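In case you want the letters, here they are:
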Amino acid sequence: MRLPGGGKVWAGILGLIVPAALLGVTIVYFSMNPLSVLGCMGWMVGGGMYLMTYTDAEAA
């Protein structure tokens, strides 16, 4: 499946930017609930690991 704008861009948005925004919302509105913060951090780490294993050959 080919994504418009390149797969790395979408993977970066879904794996890093969205969870970082959710982490900010969690801290501001939910008084830093530890389970939510750990869940968002895990999602960001998983997204980073995916980006590190993503090869240029898959984008072609």
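Located above this text is the structure these notes cover.
One structure accompanies this document, and this report is about it.

Calculation notes
Position numbers for residues start from 1 in each chain and track the written sequence from start to end. In keeping with the predicted nature of the model, local features appear solely for residues at pLDDT of at least 70, side-chain atom pairs appear and are counted solely at 80 or more, and the whole-chain, interface and lining totals rest on all residues. Computation of side-chain values: all heavy atoms of the structure, hydrogens and water removed. Angles run from 0 to 180 degrees between N-to-C directions of axes, and those axes are lines fitted to C-alpha atoms, restricted for helices to the stretch in contact. Numbering of helices and strands runs from the N terminus, with a helix taken as a DSSP run of H or I at least four residues long and a strand as a DSSP run of E at least two residues long. Any angle that falls under 35 degrees is termed roughly parallel, while one over 145 is termed roughly antiparallel, one within 65 to 115 roughly perpendicular, and all others oblique. Each crossing gets its hand from how the near helix is turned against the far one by less than a right angle, where anticlockwise is left-handed and clockwise is right-handed. By definition in these notes, contact holds between two residues if any of their heavy atoms fall within 4.5 Å. Ten residue types, Ala, Val, Leu, Ile, Met, Phe, Trp, Tyr, Cys and Pro, are classed as nonpolar, four, Asp, Glu, Lys and Arg, as charged, and the remainder, Gly among them, as polar. Each patch is built from salt-bridge-free residues with over 30% relative accessible area, joining like charges within 9 Å and nonpolar side chains (Val, Leu, Ile, Met, Phe, Trp, Tyr) within 5 Å. Shrake-Rupley sampling with a 1.4 Å probe provides the accessible areas, and residues are treated as covered by the protein chains on show and by no other component. By salt bridge we mean one thing: a side-chain nitrogen of Lys or Arg within 4 Å of a carboxyl oxygen of Asp or Glu. When accessible area is computed with a 1.4 Å probe and restricted to protein chains, residues below 20% of their type maximum are described as buried, those above 50% as exposed, and intermediate ones as partly exposed. An expected span of 1.5 Å times one less than the residue number is assigned to each helix. Directions are taken from the helix axis to each C-beta atom, and the arc is the one they span.

**A short note on the packing of helix H1 (residues 7–29) against helix H2 (residues 34–53)**
Inference 1: Two elements in contact, H1 and H2, have axes separated by 9 Å at closest approach and are oriented at 165 degrees. Between H1 and H2, the crossing angle belongs to the class labelled roughly antiparallel. Crossing of H1 against H2: the hand is left-handed. Seen from H1, the contacting residues are Lys8, Ala11, Gly12, Leu14, Gly15, Leu16, Pro19, Ala20, Leu22, Leu23 and Thr26; seen from H2, they are Ser36, Val37, Cys40, Met41, Trp43, Met44, Gly47, Gly48, Tyr50 and Leu51.
Inference 2: A class-by-class count of the residues in the contact of H1 with H2 yields 14 nonpolar, six polar and one charged.

**Structural notes on a nonpolar patch on the surface**
Inference 1: Where nonpolar side chains cluster on the molecular surface, the patch consists of Val9, Trp10, Ile13, Leu14, Leu16, Ile17, Val18 and Leu22 and spans about 680 Å² of accessible area.
Inference 2: Relative to the assigned elements, Leu16 resides in helix H1.
Inference 3: On the basis of relative accessibility, which here comes to 33%, the residue Leu16 falls in the partly exposed class.

**Examining H2**
Inference 1: Between its terminal C-alpha atoms H2 stretches 29 Å, which fits the 28 Å expected from 20 residues at 1.5 Å a residue.
Inference 2: For H2, the set of buried residues is Val37, Cys40, Met44 and Gly47. Buried residues of H2, viewed axially, fall in a sector of 90 degrees; they line one side. For H2, the exposed residues lying more than 90 degrees away from the buried face are Pro34, Leu35, Leu38, Val45, Met52 and Thr53.
Inference 3: Looking at the buried side of H2, the elements it contacts are H1.

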